[in-house]
Structures are given as C-alpha cells and as structure tokens.
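Analysis of the macromolecular model
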There are 2 protein chains.
Amino acid sequence: MTSTSEIHFNGLNSSESPVRHSKPPAMLSTVVMNNGVNSPNLESFFHQAMEIILNEAVKKATDIREKVCEWRSPECLKELLDLELRDGGESESMILQRCRDAIKYSVKTTHPHFFNQLYAGMEPYSTVASFICEAVNTSVYTYEVAPVFTLVEDTLLRKMIEMVGWEEGGDGIFNPGGSLSNMYAVNLARYRYCPDIKKTGIFATKRLVILTSQEGHYSISKGAALLGIGTTNVYIVPSDKSGRMIPSALEEQIKTAKQEGAVPLMVNATAGTTVLGAFDPIEEIADICKKYNLWLHVDACWGGAALMSKKHKHLLRGIHRVNSVSWNLHKMLMAPLQCSAFLVRDKTSLLQHCHSAQATYLFQQDKCYDVSYDTGDKSIQCGRKPDAFKFWLMWKALGTAELGQRVDRSLVMASYLAQEIKKREGFQLLIEPEYANVCFWYIPPSLRNLSDGPELWKKLHTVAPLVKERMMKKGSLMVGYQTHRDKPNCFRMVVISPEVSNADLDFVLDEIDNLGKNL
Amino acid sequence: MTSTSEIHFNGLNSSESPVRHSKPPAMLSTVVMNNGVNSPNLESFFHQAMEIILNEAVKKATDIREKVCEWRSPECLKELLDLELRDGGESESMILQRCRDAIKYSVKTTHPHFFNQLYAGMEPYSTVASFICEAVNTSVYTYEVAPVFTLVEDTLLRKMIEMVGWEEGGDGIFNPGGSLSNMYAVNLARYRYCPDIKKTGIFATKRLVILTSQEGHYSISKGAALLGIGTTNVYIVPSDKSGRMIPSALEEQIKTAKQEGAVPLMVNATAGTTVLGAFDPIEEIADICKKYNLWLHVDACWGGAALMSKKHKHLLRGIHRVNSVSWNLHKMLMAPLQCSAFLVRDKTSLLQHCHSAQATYLFQQDKCYDVSYDTGDKSIQCGRKPDAFKFWLMWKALGTAELGQRVDRSLVMASYLAQEIKKREGFQLLIEPEYANVCFWYIPPSLRNLSDGPELWKKLHTVAPLVKERMMKKGSLMVGYQTHRDKPNCFRMVVISPEVSNADLDFVLDEIDNLGKNL
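In short, a report on the structure. (Residues numbered from 1 in each chain as written. Chains lettered and ligands numbered in written order. Predicted model: local features only at pLDDT ≥ 70, side-chain atom pairs only at ≥ 80, totals over all residues. Heavy atoms only, no water.)

**Some points on the overall build of chain A**
Scanning chain A for helices and strands turns up 14 helices and 12 strands. Since a compact globule built from 519 residues should have a radius of gyration of about 24 Å, the 26 Å found for chain A is in line with a globular shape. When its C-alpha atoms are laid out on the principal axes, chain A stretches across 85 × 60 × 45 Å. Taking all 519 residues of chain A together, the buried fraction comes to 68%. Looking at chain A alone, contacts between residues at least 24 apart form 72% of all its contacts between residues at least 6 apart. Counting only carbon and sulfur atoms, one obtains 50% of the accessible surface of chain A, whose full area is about 17000 Å². Side chains of chain A carry 58 positive and 58 negative charges; the gap between the two charge centres is 4 Å. (Helix = DSSP H or I, 4+ residues; strand = E, 2+ residues; numbered from the N terminus. Rg over C-alpha atoms; globule rule 2.2 N^0.38 Å. Buried < 20%, exposed > 50% of the residue type's maximum accessible area, 1.4 Å probe, protein only. Contact = heavy atoms within 4.5 Å. Areas by Shrake-Rupley, 256 points an atom, 1.4 Å probe, with all protein chains shown as cover. Lys, Arg positive; Asp, Glu negative; His and termini not counted. Charge placed at Lys NZ, Arg CZ, Asp CG, Glu CD.)

**Some details on the interface of chain B and chain A**
Every contact between the two is made by 197 residues of chain B and, on the other side, 198 residues of chain A. Between chain B and chain A the total buried area reaches about 17300 Å² when both faces are included, carbon and sulfur atoms providing 62% of it. When the area that chain B buries against chain A is broken down by residue, the three leading residues are B:Leu85, B:Phe203 and B:Lys396, summing to 5%. For the interface between chain B and chain A, the tally reads 10 salt bridges. Inspection of the region where chain B meets chain A yields 80 residue pairs in polar contact (both at pLDDT 80 or more). Broken down by element, the side of chain B that touches chain A gets its largest block of residues, 21 residues, from helix 12 (residues 388–423) of chain B. Broken down by class, the residue content of the side of chain B that touches chain A amounts to 95 nonpolar, 57 polar and 45 charged. (Buried area = accessible area lost by both parts, 1.4 Å probe. Salt bridge = Lys/Arg side-chain N within 4 Å of Asp/Glu carboxyl O. Polar contact = N/O pair within 3.5 Å; in protein donor to acceptor, adjacent residues only side chain to side chain. Nonpolar A, V, L, I, M, F, W, Y, C, P; charged D, E, K, R; others polar.)

**Overview of the sheet that holds strand 5 (residues 263–270) of chain B**
All names here are of chain B. Here we have seven strands laid out as an open sheet, ordered 2-8-7-6-5-3-4, and mixed in their pairing. Whereas interior strands pair on both sides, the edge strands pair on one side only; in this sheet they are strand 2 (171–175) and strand 4 (234–237). Strand after strand, the sheet turns through a mean of 20 degrees between neighbouring axes, direction not considered. On top of the sheet, helix 5 (residues 147–164) reaches strand 2, strand 7 (324–328) and strand 8 (340–344); it is set at about 115 degrees to strand 2, its chief contact. (Pairing = 2+ DSSP bridges. Axes fitted to C-alpha atoms, helices over the stretch in contact; angles between N-to-C directions.)

**Overview of the nonpolar core**
Counting 321 residues, the largest nonpolar core has A:Phe391 and B:Phe391 as the members making the most contacts within it. Apart from the residues within four sequence positions on either side, B:Phe391 is in contact with B:Ser126, B:Leu156, B:Met308, B:Leu329, B:Leu333, B:Ala335, B:Cys339 and B:Leu403. Ranked by size, the runner-up nonpolar core spans 60 residues in total, among them A:Ile197, A:Leu265, A:Val344 and B:Ala189. (Core = buried A, V, L, I, M, F, W, Y, C linked by side-chain atoms within 4.5 Å.)

**A closer look at the sheet that holds strand 11 (residues 478–484) of chain A**
Residue and element names in this part refer to chain A. The sheet built from five strands is open, its strands ordered 1-11-12-10-9 with mixed pairing. Pairing within the sheet leaves two strands with one partner each, and these edge strands are strand 1 (114–115) and strand 9 (427–429). Inspection of the sheet shows strand 1 paired to strand 11 by two bridges, in the parallel sense. The partner of Phe114 across the bridge, within strand 11, is Met478. Each of strand 1, strand 9, strand 10 (437–442), strand 11 and strand 12 (487–494) is contacted by helix 14 (residues 502–516), which is oriented at about 25 degrees to strand 10, the strand it contacts most.

Right under this line is the structure:
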C-alpha cells in the first residue's frame, strides 16, 4: 500500500504524466487508495491480456483441431472457477489466469463445428470493431458523446432501409436484440392506432390483437405480455407444411377478432423462422393488411440477410410494402452479439413521438449543434451501445457483393448437407430446406426396422438429446435440437461461417452416426 | 480472386489447418468467394488492430495531455469519415485507418477531464473482460452455450443481493441498461398484483398507477408508456429542496389514486437521483408501501455503488425491505457500458413466471444437465450479452474493500469540489452535495453585479451552453449541464474515476472561468 499523500491512481499515465498535484490532498487524509496489489503496470497488463485473447479466444477457439467445448457440469465448473467475490483483490497473474480459464471453459461459438444457435463463427473485422466500442465506451444517445457512432448508425440504417426497398426512406434504431425490436413494432403499431395510449394507457381501449404464425418467434408473445396486451391476444395463424403462414387463415383470424369486438392491430410475418427457416408470403400478407388497415411487421431477424443476395432476396418479396422490419446482423451476417436493427417505414418521426420523454439533462435543446443528431430519445433505453459500428466496419471491409456471396454460400452449404442426408442411411430430413436451416433426424440402427408410428417416434425422441450429450461431453461438435409441432426431437443445422467447408458437414453427419449408432 | 475450387475462407487457420477437403466442392461451382482483398492475414490484422486500440483508445485517450474530444460538426465529420457503404470491400490498411479515425473522433470518455455523464474513466480489468466477452461471443440464455458466464452472473447477483441485505436471498438478471431494469420492476409489480394480466392484458383491469418522485428518472415514464399503463398514470410525488421524495406527499398521492378508483401498483424510490444525486428516504417509503401493500422498487442505478462503502451505505438505509432494485455497475463502479443488474426479493421464481415463454428450441427440458441453470427465460430478451463477467473480473482483481474505498474517494472529491466552488468568486452551488453530484452555476463577471431575479436568471441560463460549446470546441473538458426545476442551466459535475485528482478539479473550475469570463 502506498502513502496516502499519493492519491493519484497508479494507472496508465503514471510514469509519464506531467506534475499534476499542486496542492496536498488534505481532504483525502481518511481515504487510503490501495495502489499496491491492485495496480498493475497497465500497459503490460493490456499486452498480456490481449495476447491471451488472441491465442486462446481467436486462434485456438477457431482451430478445427481443438475442441468445441470443454464440458463440465455446473457443479464441477463452479469449483474450478473459484467464483466467490472477496474483500481482498488478486494479483495480476491470477487475473490473467482467470482470463485464460474463462475462455477455456467457454463454448467456442467461433469454432467451425459449432452449429448450436443462429450465430456462429468469427468475423475478424467486426470483432475488432467490437473491441473499439468497448475501449471507447460511450453511449449513442447524443452526438455530443458519440459523434462517430451516431453518424455510423444513421448511415447503416439508411443503407439497410435502401436494401429493404423503401424508396421514400424511413427511420430506425439499433436495439439489444431482435426480441426488443419486435416489441418496438407492437408499440409503434399501437401508437399509430391511437397516440393517446402513450398517455392514458390501454385500460379504456378495446381489446387489441396481434397476429403471428405458429412458427413465429416467441418474442411476440413476450412482447404482448410486457405491453399489457396479454399472450391470449396473440392470435396464432396456422402455417403450411413448409412453415409459411397461410394467408387465408390469417384473414380468418382477423375476421374472428373483429367479430369478437376486438381490434386487430398488427400482423407479424416472419422472414426465416427459427426452426425451419421458412419465409411467410409477405406480398399476400401485405394485401390482407392493406385491406384491413393493419400494421405489418416483418421479423427478419434471421432471414433479413437474404436481402444482401441478388439470388435470394426474392424470399422477402413484398418487404418494400411493410411498416417495419427487425433485422439482426449478428446472426447470418456474423457481427458479434448484439447487432440488431429495427427499421420503420415512416417519415413522420413516429419512433421519436412514440418513445420520447425529452429528458432535460440529456436532450437539451440549446446545444451548439443540430440536435436532430441526438437520436437517443427514439429508444426505450437510456444508455445504448454503439452496435452499428460493428457491422459498418465489416461492411466497409467486405463490401456488399461479398456479403451477398456469403449468404449464397451458406445456402449452397445447406443444400449440400440436405443432399448428403438424403444419401445416407439412418438420416432423414424433416423437410426440404428453403433457407439455411436443415432439420433432420438421426435414426440409430436399432430403430431402423421399426415402422413409422408412435413407438418409433417415442424412441426417436430420446436420440437427439443423447447424441447431443455425447457430442458436448466429447467436445467434438455442437448442434441444436428441438421438437417441431408433434414431431419427435430433431437436429437443426445452420451453416453460417465461411470457415465451414463441405468436409465439416460430412464430419457432422459422420460424428452423429459415430456417437449415436449404439443407441 | 481465388479459384472457386478453394472454397475455404482464407482465415486464421489457413496456413496451419490440416487437409480438410476430401471432396471437390462441386455444389459450390456457382459461388465465388472473394478471398483476395477481403482476406487479410488475420493474425497480423488482429495484432495491428490491438496495437491501435492500445495506443489510441487506451493510452492516448486516458492521457491528460491529450484532448477530451476532437470536435467536428456533424456535417464536417460525415465528410471526414467517408461513411458510405459500397459494393466493393477495402484494403486492410484502409480498415486499420478507419479504426484510428473512429477512435480519434470519438469523445474520450476515459479521459480524466470527461465529466459529461454518469460514467467516466477506464477500468482496465473490466475493459479486458469486455474484450473477452466480445471474442467469446455468446449469449447467456443457456448453460449449454455460456457455462462460465451463466455461473458468473449467478455469483455476482447473489453477492449483490447479499450487499442489499436480503437475508433470505432473491433473484435477478442483468439487463441492457437501467431503464429496462426499471421496466422489469413495473412488470413484476403488475404480475404480482394479478398474474392473469400476463395472459389477458390490462384491458379489463382497473387503472394502474405508478408513483415516483419529481426527481426520478424518465425511464419510469417510458416504461409506463410501453407497458400500456400510460404516462399520466405515473403520479409525480414532490421532492424536498434536497431532491428527496417527501413521504407524506407520497401517501397523499396514494390516497388520491385510491379515491379515484385506481390501483396504486408500485412506488419507485430513487437512490441517487440523476441531477442532484439525492437519496429518497427508503425506510419511510417502505413503511408507506407496507401499509398500502405496494411494490417498492428502488432505482439505485446511480446510487447503488454506495452499498460498497461501509461509510456511505447508510444513504440506502432500508433497502433490505424493498421488493426490487436496479443497480448499474457501469456508472460509479466503472464497468464498461452496459452492466446493469435487476434484483428482486423473491423466492417464488416470480421473474421466471412473469417473463417465461418456454421456447422449445432453446429451453429444452430433456437436457443432460440441471436446466435451472438455463436462466434466459427470466428475461424479456432472447439473446443477452454476458455483462456480469465485466464486473466479476474487476471485483476479483480489486476486492470489495477497494471498491468501497473508491466510492469513498469519489465522495471526498465531490466534497473538495464543492468547497472550492464556495471559495471562488463567480461560482455558486445549487445545493450542498449529498453524494457525488456537484451542481453549480458559473456567473461571469458581467453578471456578478446583477441582483437575484428574472433578469439574472435569463442571462445566466445562456452561460452554461456557451461555456460548454467552447470547452467542446477546444477539447479541454466535458461537463454536463441542465436546467433543474425552474432554475437556469447549471453544470453538473460527477467524479467517478480514481484517475481524477484534486488538481483536475481545480482545472475544471479554472477552465470554466477561462472559457466564460468574457460572456
């Protein structure tokens, strides 16, 4: 511990700072700064930490010869990590070891054999951009404290709006995740229906109804609960066998709601459903929404990436007609989590009017610059991370054409995988893939002679969880599984990263067979 | 552009990967991967980028001899940054230059002369932890994909609950910001009042009322709008001159709501108000909430840090009695944005029941481990960043005692600043500081002979914005300003970083005088 007369934290500048303390800090006599064990040489500390990150979380974590995960049970991992927080601090070397351990026991989502979620792989440009966001550490509510990031967000939103095809422009904001973006859509639809609701609430309004398909994301339901609308006022529209919303069924549900005296407010169409990767027919849904004057939102969190591809953007045909779009750049397009845009086709500052609270300590109107650059009051958040920068830098580096080719490549890989599945004994597609999702069953030899029916299904239902357990404990592979409608557990593979080759997809099928053949 | 027969992205492992492609990728014949300009040597790219971050965003940005900001108008900065996104990609060296530029023109929130928000400074341990979060890139919804971060979050929440003093434990979750945490409180209060609201909405319920003080944060109002309750159903309770909620006035408002036939649902007390840093009297408010059976939430986003200090935790006396707490670790406690905990005193899984949607593709119940570690369904988000790790690592490094001493030091510094202000001609405190906020006016010589009254106030109102403009354009200092109630614009100083010395505070007052004395 150093003397109390040196109150300056022994930080980065300590060795090179000019003389700063003209007065003895008499006021501080009772405050003892612990500048001993807790103040490393920070330049050296940063260098060492960055080497660990580069070696362990970048190079090793993306190396196909390494494990995808070092499985430990929660109980075991708790002991290994020594999680307890104590009165005293730890040495620099101990902290660096904790950094190594945190990376070691984390799942390697950047590994070419990680297929467990709708994100995977490492995009170096975007990862570097995310480090810059962390180091610069600011909040994109005002131009004043985030000049670069405010302009970057504006540019990226405009470009995305252009790709959606809203020729008259639009507005938007980045949110911490697609669920919140979907909730923004509900709130805007409600505000457009009746702006007074912002002030008075919905106690005196008619019952409001939101419509989404049975394959739509659960965030619509969570949003309905949060917004005071209620989960039973989310009307579930049936989808066809491919997972696409059935437009005639949508119209039936709208009519039902109206007959009940409720107000159908918004339709949520999905571009790229979570499990099957299905695209709701936006054109036909837009016709119905126009007829009944409903807000049409498209949850394109997963499928929005197809807008980058000349070849596949037809999947979202009609999106230029919708009112709002959620589009996550951290999924297929590989920005680090989170990078989620909400776009709205509107030129009347609906987003601002719906969400603003005009905090006088933050959004002063007597600033020395054009305060229309202070976009934070469009958000329901106060502080907000500069997520747009992560994708802007990546887009600058790769260009639109390359982004489109990556999407094309993902779909080619999905198609390759589907064909391999069809060729192999013991593998069966749930459905022919429309996008990058490939859902399939692995049927172990012991079940191959059973006829289709409840007995097979019951046994098959246990296969994916057991194979999953084995792949995690071995650390060779991570693939997600789930039930779908009344069907037994199936695997869902999604190819995202350009690091994944067709040999890796062969490996996936070989490995599942290896792990499951004795079941 | 490389041949289409080499489909593997020329990434990190390219030079050292084992032979991987046993089959020619016939399926990919139409996909051309652009592996030329867009595929740098990634190890070298990461090294170069990390050097830039270390030199520009860590060393230079925290160096007192450098500017706090390189002010450019939005129009000028747009041109400088060349924001447009194009079809083609850019060279590695151009991207590295963009990294340098992004940092150069960003405000240096880590600089010892940045006092513009309720966050400031750089905590190296936490910054390194944030890099790890970005590089590992996962989401804390399931143990399966975030084993380390799930356990770290659980540990940190338990420790914070211990510090709040809930002896029987509690529950919690990290959110992207305190605004969302405050909204969680409203939603939980509503769910406790009537769990069916989750399903049926609030169309048929009595009007619900939330109570907060006139000094409370605007997120309560934003939350009321979002949750369908409405901003006019936020009843504003008067505060005393120090900014503390007046308990008798609270009780009056509760009675009023009841007389109107409405249902008072929740009281939001504030521990550390945004402008004055005032602490509402929790004990007395808790008595009233008990009497009327209201949910008591404490917005301790700013003031929660005092719980770390043996000397100052009395400011939150009574917090062990409340139902929920929002506490941001990215403010006084210096984790990078965002690191915001929501805590709830509950042992009945209220958070889970209120928010869950049980998505079958994510929260499978037939996993090979105890799925109570899959905490994501407590959130209204789907993907969620592992923010807890940023503070856990820092806490490990510094220890509780040092964290407490830092809080003590901030308050000593605020007290020093207040005394200096009282000593100096032309400076006037708005109020004696109770916490780390020091609000004051600078009165230029030309106004010093005016008597107190509307004319002085009108002229004084323009001083802070003008001085602020000058400090930003010079790049010497950033301090926030705002009106408070009917008072003219005043500066609000907040000392957070242990890098800030009393000499820096002298500099702040000298510099404001320099910049404003000719006004």
